[in-house]
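# Chains, contacts and geometry: an overview
Residues per chain, in single letters:
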Amino acid sequence: MQLNQSVRFHVRKVAVCGAGVMGAQIAAHCVNAGVPVVLFDLPAKQGDKNAIAQKAIAQLRKFKPAPLGSPDLADLITPANYEEDLAKLADCDLVIEAIAERMDWKRDLYHKLAPAIRPDAIVASNTSGLSITELAQALPESLRQRFCGVHFFNPPRYMSLVELIPTVDTQPELLDTLETFLVSQLGKSVVRAKDTPNFVGNRIGVFGILSVFAQAEKFGLSYEQVDDLTGTRLGRAKSGTFRTADVVGLDTLAHVIGTMHEQLPNDPFHAHFGVPPVLAALIEQGALGQKTGVGFFRREGKAILRLDPATKQYVPADAKIDESVAAMLAERDPAKKLKALHDSDHPQAQFVWAVLRDSFHYSAVHLADIAGTARHLDQAMKWGFGHAQGPFEIWQAAGWRQVAEWLQQDIKNGKALSDAPLPEWVTRGPVWEAQGVHTSAGSWNPREQRFEGRSQLPVYQRQIGAPRMVGEADALETITVYEDDAVRCWTLPAPHPQDVLILSFKTKMNTISPQVVQGIMHAVDLAEASYQALVIGQSGEPFSAGADLAAMLPAFKQGGSAALEPIEREMQDMAQRLRYAQVPVVAALAGMALGGGCELAVHCAHRVAHFETYIGLVEAGIGLVPGAGGLAYCARRAAQQQAESAPDAPLLACLKKFALSVATAQVSTSALDARHIGYLLPSDTIVMQRYELLYVAVRQARTLADSGYRPPLARRFPVAGRDAIATLTAQLVNMKVGGYISEHDFTVAQNVAHVICGGDVDPDSMVDDAWMLTLEREAFLHLLMQPKTQERIAGLLKTGKPVRN
């Protein structure tokens, strides 16, 4: 049966077969996106037949990091078993198999599921490396054209990469449909892989880990030195290589290595595909990494110990990398950096060069076999392994021809892990002439011998600001309307709406400096004068880490709190200007929206938030109260909630949640959690795909304008008053006596309570914005003069971490 392309295919419900750690977390992420799931597993031998699936669902509420955006989402997952519930498959549009990596088990399951699967459903396996073509043979011929691999990376909520692997029978239209769902509805980054062992990400990534094992032993480096050299200094995950292996699980790593060893006997690098002896020994001892508490590293109290492979004992992990090598890795010019590493005779530098060389070599030799283009391979490493750049990007940025010559020399001299020659396309033809695999025309496809552009699926036309590859042309030529050192006002080109102004910040972490405040006010003026709406959003992340304390420090040092009073008042004026703007202002939120960034967002007409947005009024952490209208918003919103849903309840019942969140500097764990706290409204939009954020925000702003948007009227609202302050203060005293908060925490929280309850007034007194902002400003400036607050601010500016005092 062919997919009917005249009717849009909707994934209304998903079945996940296999309630293990991976299957349960795939189910969790589907419900994060609002897609209900039936989670299948074997029938329990005793009691409720769904007990296995039920236990897996219950565990989702406890996992760290949390797979669910909100614990109550677990209720959208229906437990099921293969004995009694196969009829439930008839309601499912997508069936994902996620059981253990055993070909025989998977085949048996397919035989059982096939008769119950709906004729137009999509069927997919989450295998991490087994042959999709071989798995398909276990399905009836009628199902094979609707079957493919869909390999999520662990943990599914947080890891962007999903590999999509077709067989020769898979309908191309089905792949397009599934890719669209994965990208837009689940927020994933899709790479289409060829049906080869371990596909793309694990094939290149695990080879890279094996290279690190080999080269670390060759150059005599300890595990903590290797992790330092292969972590953030190299543009990779902070945990480096061996700590990452401990987190993933040493048995899991060994399994993937075993797959390569068994299924790739003719790979020219096969000699290095064995499980390293030190890894095998750890597994034999039951030391599997983080899940058993011991692996390459072990924690004793606060101390971190690492395995000494020579003595088999755990010793302090305190070896450092050489300062000269650290300086090489800190070099910003890629060509200079790689030349320094290549030319150095220091073993640590030679180790880094060898690891990079091995990744370049292996990627070039196998590109044609495992991926369509060089872009797919690089993206797999960035999205699946957290690398800042893929191997081809690093190579190209450092100078394609020079690095190719170094590679050839090392292969010739026996320094490489294999004597396999570089493919001809590396050293002659279009790639050699273009000096790289990524160009304005696209990325190199070695099978077709041409540069191939990005996917033209309509879903990708919704993405704005998605990162480009090294050497690749920008996707959009945006139009700058106004720009200074702090902000940029711009619009999108056609066919996007060009009458919606977009404002982006240019400060570090998109913090809000006095100059940014002025830029926001100017943007509102421009929007009211010449545009239909204004969107505040960034091309990257975060939305905003809050007020720029460093920019305000000189004024404070010169004139104390009195010098900051005008700056504080301007921040409040900015928030009010946004709230009462004559055009709709929409905040496009992603990453962090903290402190002043949260205050900015809550005063906009609407918010469009990426699912992974972490929002909070965190000023209490540095000894302050929110100073740009944040507490005024909380008081006003609590009054609205009382009027809407609990008119007979005391106002404090609605206010308490806000007071606790602010006093404890709570940050939401997702956009859904921010909605629960109250920083997002039920009417605000949550999107799963980060790079659709501006697309949706611009259209949402235009829709508000088209619907005759009017700003809210300035109304008085009730506050909880002195009785609520007394109640909150009594609770704070208990927390202080119990040792949960410090004396200064208590002082700050008292100020929060005083302001958020409207000050020393009768319960349900009616106040206006000006009253609340005055209370807020006075508390902010008062706390700013406290020595312990100044200690916290100084500590944050010096170390980037809040000081507890």
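Our subject is the structure listed above.
Residues numbered from 1 in each chain as written. Predicted model: local features only at pLDDT ≥ 70, side-chain atom pairs only at ≥ 80, totals over all residues. Heavy atoms only, no water.

### Side note on the overall build of the protein
Looking only at helices and strands, one finds 29 helices and 23 strands in the protein. Scaling as 2.2 N^0.38, a compact globule of 805 residues should have a C-alpha radius of gyration of about 28 Å, and the protein matches this with 28 Å. The C-alpha extent of the protein, read off along each of the three principal axes, is 80 × 65 × 60 Å. Across the 805 residues in the protein, those meeting the buried criterion constitute 57%. Separation between the mean location of the 77 positive side-chain charges and that of the 86 negative ones in the protein comes to 1 Å. (Helix = DSSP H or I, 4+ residues; strand = E, 2+ residues; numbered from the N terminus. Rg over C-alpha atoms; globule rule 2.2 N^0.38 Å. Buried < 20%, exposed > 50% of the residue type's maximum accessible area, 1.4 Å probe, protein only. Lys, Arg positive; Asp, Glu negative; His and termini not counted. Charge placed at Lys NZ, Arg CZ, Asp CG, Glu CD.)

### Here we look at helix H26 (residues 721–737)
Helix length check: H26 (17 residues) gives 25 Å between terminal C-alpha atoms against 24 Å at 1.5 Å per residue, within 8%. Of the residues making up H26, those classed as buried are Gly721, Ala724, Ile725, Leu728, Thr729 and Leu732. Angularly, the buried residues of H26 cover 135° about the axis, an arc narrow enough to put them on a single face. Turned more than 90 degrees from where H26 packs its buried face, Asn734 and Val737 sit exposed. In this fold, the buried residues of H26 make contact with helix H23 (651–663), strand S22 (717–719) and helix H27 (743–756). Once H26 ends, the next one or two residues include Gly739, with phi positive near 80°. (Expected span 1.5 Å × (residues − 1). Arc of directions from axis to C-beta. Contact = heavy atoms within 4.5 Å.)

### Description of the pattern of salt bridges
According to the stated counting rule, one finds 43 salt bridges in the structure shown. A salt bridge links Asp228 to Arg233, with the shortest nitrogen-to-oxygen separation between them at 2.7 Å. Take Asp228: its relative accessible area is 29%, and that puts it in the partly exposed class. Asp369 serves as the salt-bridge partner of Arg447, at 3.5 Å between the closest nitrogen and oxygen. With Arg447 in the loop between strand S13 (442–445) and strand S14 (450–452) and Asp369 in helix H14 (residues 347–370), the pair connects residues that are 78 residues apart, well separated along the chain. Looking at Arg447, the relative accessible area reads 55%, which means it is exposed. (Salt bridge = Lys/Arg side-chain N within 4 Å of Asp/Glu carboxyl O.)

### Focus: the packing of helix H15 (residues 374–385) against helix H16 (residues 391–412)
Across the interface, H15 lies against H16 with an axial gap of 7 Å and an inter-helix angle of 110°. Viewed along their axes, H15 and H16 adopt a mutual orientation that is roughly perpendicular. Counted together, Ala374, Leu377, Asp378, Met381 and Lys382 of H15 and Pro391, Phe392 and Glu393 of H16 form the full contact between these two elements. Residues that form the contact of H15 with H16 fall into these classes: 5 nonpolar, no polar and 3 charged. (Axes fitted to C-alpha atoms, helices over the stretch in contact; angles between N-to-C directions. Parallel < 35°, antiparallel > 145°, perpendicular 65-115°, else oblique. Nonpolar A, V, L, I, M, F, W, Y, C, P; charged D, E, K, R; others polar.)

### A few points about the sheet that holds strand S5 (residues 122–125)
The 8 strands are arranged S3-S2-S1-S4-S5-S6-S7-S8 in an open sheet whose pairing can be described as mixed. The open sheet has two edge strands, strand S3 (77–81) and strand S8 (189–192), and neither has a second partner. Within this sheet the neighbouring strands show an average axis-to-axis angle of 25°, counted without direction. Pairing of strand S1 (residues 14–17) with strand S4 (residues 94–97) involves 4 bridges; the strand directions are parallel. Paired with Cys17 across the strands is Glu97, a residue of S4. Packed onto the sheet, helix H1 (residues 21–32) meets S1, strand S2 (37–41), S3, S4 and strand S6 (147–152) and runs at close to 170° relative to S2. Strand contacts of H15: strand S7 (161–165) and S8, with the helix running at about 140° to S8, the strand carrying the most contacts. (Pairing = 2+ DSSP bridges.)

### A closer look at the sheet that holds strand S12 (residues 438–439)
Strand pairs in the sheet, formed through backbone hydrogen bonds, run parallel or antiparallel to each other. Judged by pairing direction, the sheet is antiparallel, and its 3 strands sit side by side in the order S12-S13-S14 without closing on themselves. Across the chains shown, the open sheet's two edge strands, defined by having one partner strand only, are S12 and S14. Both S12 and S13 contribute to a ladder of 2 bridges, which runs antiparallel. The partner of Thr439 across the bridge, within S13, is Gly442.

### Overview of the side chain of Asn445
Within the fold, Asn445 resides in strand S13. Accessibility expressed as a relative area gives 7% for Asn445, which makes it buried. Within the structure, Asn445 has its side chain in polar contact with the backbone nitrogen of Glu448 (distance 3.0 Å). Excluding its chain neighbours within four sequence positions, the residues that come into contact with Asn445 are Gly372, Thr373, Arg450 and Glu452. (Polar contact = N/O pair within 3.5 Å; in protein donor to acceptor, adjacent residues only side chain to side chain.)

### Re the nonpolar core
Among the nonpolar cores identified, the biggest contains 110 residues, and Phe296, Phe392, Trp395 and Trp425 are the most heavily contacted of them. With 12 residues, H14 is the single largest residue contributor to this core. In contact with Trp395, other than residues within four places in its own chain, are Phe360, Ala364, Trp400, Val403, Ala404, Leu407 and Val426. Grouped together as the second largest cluster of nonpolar side chains are 88 residues, Leu564, Ala601, Leu624 and Met772 included. (Core = buried A, V, L, I, M, F, W, Y, C linked by side-chain atoms within 4.5 Å.)

### Some details on the state of the cysteines
Here, the word disulfide means a covalent bond between the sulfur atoms of two cysteines. A complete count under the given rule lists 0 disulfides for this structure. For Cys92, which is in no disulfide, the shortest distance to another cysteine sulfur is to Cys17 and amounts to 8.2 Å. Of the cysteine sulfurs around Cys489, a residue in no disulfide, the closest is that of Cys604, at 14 Å. (Disulfide = S-S within 2.5 Å.)

### A short note on the packing of aromatic side chains
Counted by the stated rule, this structure contains 21 aromatic pairs. Between the aromatic rings of Tyr223 and Phe296, the centroid separation amounts to 5.1 Å while the plane-to-plane angle is 70°, which identifies the pairing as edge-to-face. Placement of the pair is Tyr223 in helix H8 (residues 223–229) and Phe296 in the loop between helix H11 (277–284) and strand S9 (297–300), with a sequence separation of 73 residues. Both residues of the pair, Tyr223 and Phe296, belong to the buried class. Ring plane angle 65° and centroid distance 4.9 Å describe the contact between Phe242 and Phe296, whose orientation is recorded as edge-to-face. In this pair, Phe242 is assigned in helix H9 (residues 242–248) and Phe296 in the loop between H11 and S9, connecting sequence segments 54 residues apart. By relative accessible area, which is 1% here, Phe242 ends up buried. Overall, the relative accessible area of 0% leaves Phe296 in the buried class. Taken together, the ring pairs connect Phe360, Phe392, Trp395, Trp400, Trp425, Trp444 and Phe451 into an aromatic cluster. Geometry around Phe658 places Lys657 over its ring, the cationic atom sitting 5.9 Å from the centre. Here the basic side chain of Lys736 rests over the ring of Phe746, its NZ or CZ set 4.2 Å away from the ring centre. (Phe/Tyr/Trp six-rings, centres within 6.5 Å; stacked < 30°, edge-to-face > 60°. Lys NZ or Arg CZ within 6 Å of the ring centre and 35° of its normal.)

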